[in-house]
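Tertiary structure, described
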Amino acid sequence: MRSRTRRLANFVLAGAKDAGAGVDLIDLADLQIVPCTACESCSLDGTCVFADDFAAAYERILDADGLVLASPVYIDNVSGQMKVFIDRLADAIHYQTLAGKYGCSLATTQVSGGDAVVGYLNHVLNYLGVTAVGGMSVALDSDQEALDRAEPAARDLGRLLVHAIVEQPRYPDQEAEIAENREYFAGIVRENRDWRPDEYERWVREGWIRGE
Ligand SMILES: Cc1cc2nc3c(=O)[nH]c(=O)nc-3n(C[C@H](O)[C@H](O)[C@H](O)COP(=O)(O)O)c2cc1C
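Residues numbered from 1 in each chain as written. Predicted model: local features only at pLDDT ≥ 70, side-chain atom pairs only at ≥ 80, totals over all residues. Heavy atoms only, no water.

Comments concerning the sheet that holds strand β1 (residues 66–72)
In space, the three strands of this open sheet follow the order β1-β2-β3, with parallel pairing throughout. Pairing within the sheet leaves two strands with one partner each, and these edge strands are β1 and β3 (131–139). Between one strand and the next, the sheet's axes are offset by a mean angle of 15°, whatever the strand orientation. Both β1 and strand β2 (residues 102–109) contribute to a ladder of seven bridges, which runs parallel. What sits directly across from L69, in β2, is S105. Of the strands in this sheet, β1, β2 and β3 touch helix α7 (residues 146–167), which is tilted by about 175° from β3. (Pairing = 2+ DSSP bridges. Helix = DSSP H or I, 4+ residues; strand = E, 2+ residues; numbered from the N terminus. Axes fitted to C-alpha atoms, helices over the stretch in contact; angles between N-to-C directions. Contact = heavy atoms within 4.5 Å.)

Overview of the site of the ligand
The full set close to the ligand counts 14 residues, and R4, T5, V73, T108 and V111 are the nearest of them. Contacts to the ligand include Q110, whose side-chain N or O atom sits 3.3 Å from an oxygen atom. S112 places a main-chain nitrogen or oxygen 3.0 Å from an oxygen atom of the ligand. Contact with the protein chains covers 71% of the free accessible surface of the ligand, which is 650 Å². (Near = heavy atom within 4 Å. Polar contact = N/O pair within 3.5 Å; in protein donor to acceptor, adjacent residues only side chain to side chain. Areas by Shrake-Rupley, 256 points an atom, 1.4 Å probe, with all protein chains shown as cover.)

Focus on the layout of surface pockets
For the largest pocket, the calculated volume is near 1100 Å³. Around the largest pocket sit 43 residues that line it, and A9, L25, I26, D27 and A70 are the ones nearest its centre. Mapped onto the lining of the largest pocket, the elements with two or more residues apiece are α1 (4–18), α3 (54–63), β1, α4 (80–88), β2 and α7. Looking at which element gives the most residues to the lining of the largest pocket, the answer is β1, with seven residues. Residue classes in the lining of the largest pocket are distributed as 25 nonpolar, 10 polar and eight charged. Of the pockets and cavities examined, the second largest pocket occupies roughly 680 Å³. Forming the boundary of the second largest pocket are 32 residues, of which C42, S43, G46, T47 and D91 lie nearest the centre. Those elements that place two or more of their residues in the lining of the second largest pocket are α2 (42–45), α3, α4, α5 (90–95) and α8 (172–191). By residue number, the principal contributor to the lining of the second largest pocket is α5, which donates five residues. Of the residues in the lining of the second largest pocket, the class split is 15 nonpolar, eight polar and nine charged. (1 Å grid on protein atoms, 1.4 Å probe; cavity = no way out; pocket = protein on both sides within 12 Å on 5 of 7 lines; lining within 4 Å. Points joined across faces, edges and corners; volume = space filled by probe spheres on them. Nonpolar A, V, L, I, M, F, W, Y, C, P; charged D, E, K, R; others polar.)

Just distances and angles here, no functional claims.
Here's what the structure looks like:
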C-alpha cells in the first residue's frame, strides 16, 4: 500500500544507511497486534498473554541501537495502530528494557497536528529511556512535492541518529526527565521483586535502584 509515512521513514533510514548503519523497517500495517487489555500478566514475567505479532517486532527493536518512530496524523494524534503498539510497550517502559538507545520521530499529515505527534512520539521515546535526537513532520496538503522536498532533511536526521549512537552525546533535559520517570518505575520494579528478581538485579546493576 502507498504510505507517505513509510516513504518519509525510508528517507531517514537511507540517511542512517549512508552513515554506516544496518536498518530494519517494521511496518505496523503488515502486522496483527491487538490492544492491551490491562490484564497485567506482563507484570509477572514480561510476556504478554496475546500470541500475536508484537513479540517478534519487540525482539527486533531490542536488537537495534536506534529507534525511529513514525506515524501518520489521525484526528490530531498517532494512528490507532501506533497507539496500540505503544500501549503494548508498557512493560518495556516500566522495566526500561530499551534504555540507552537513541531515537527520533516522524509524522506525516494532511494539514495539521504533525509537530504535536512528533512531540508525543519523542515523549514516548523518553518514557522508554530512549534519547530523542530530533524529529520532523511533513504536511502534504495538496502539495505533491512536499515529501520530495523533505528528503534531504530526513536523510540528515537519519545520519544524525547514527552519529548519536556512535558518539553518545548527552541531552541534560531529557536525562532529567528520563531519571524522573525511572524513579517512578523503580517503585514497580521493587514491588515486583519477588517474581522478577532478575529484573530487580539488573536495575541494581544499572544503578537505578540502590541495592539493600
Ligand atoms: C483516519 C484518518 C484521520 C486523519 N486525521 C487527520 C487530521 O486530524 N489532520 C490532518 O491534517 N490530516 C489527517 N489525516 C490525513 C493523514 O494524516 C495524511 O494523509 C497522512 O500523510 C497519511 O499517511 P500515510 O500515507 O502514511 O497513510 C487523517 C487520515 C486518516 C485516514
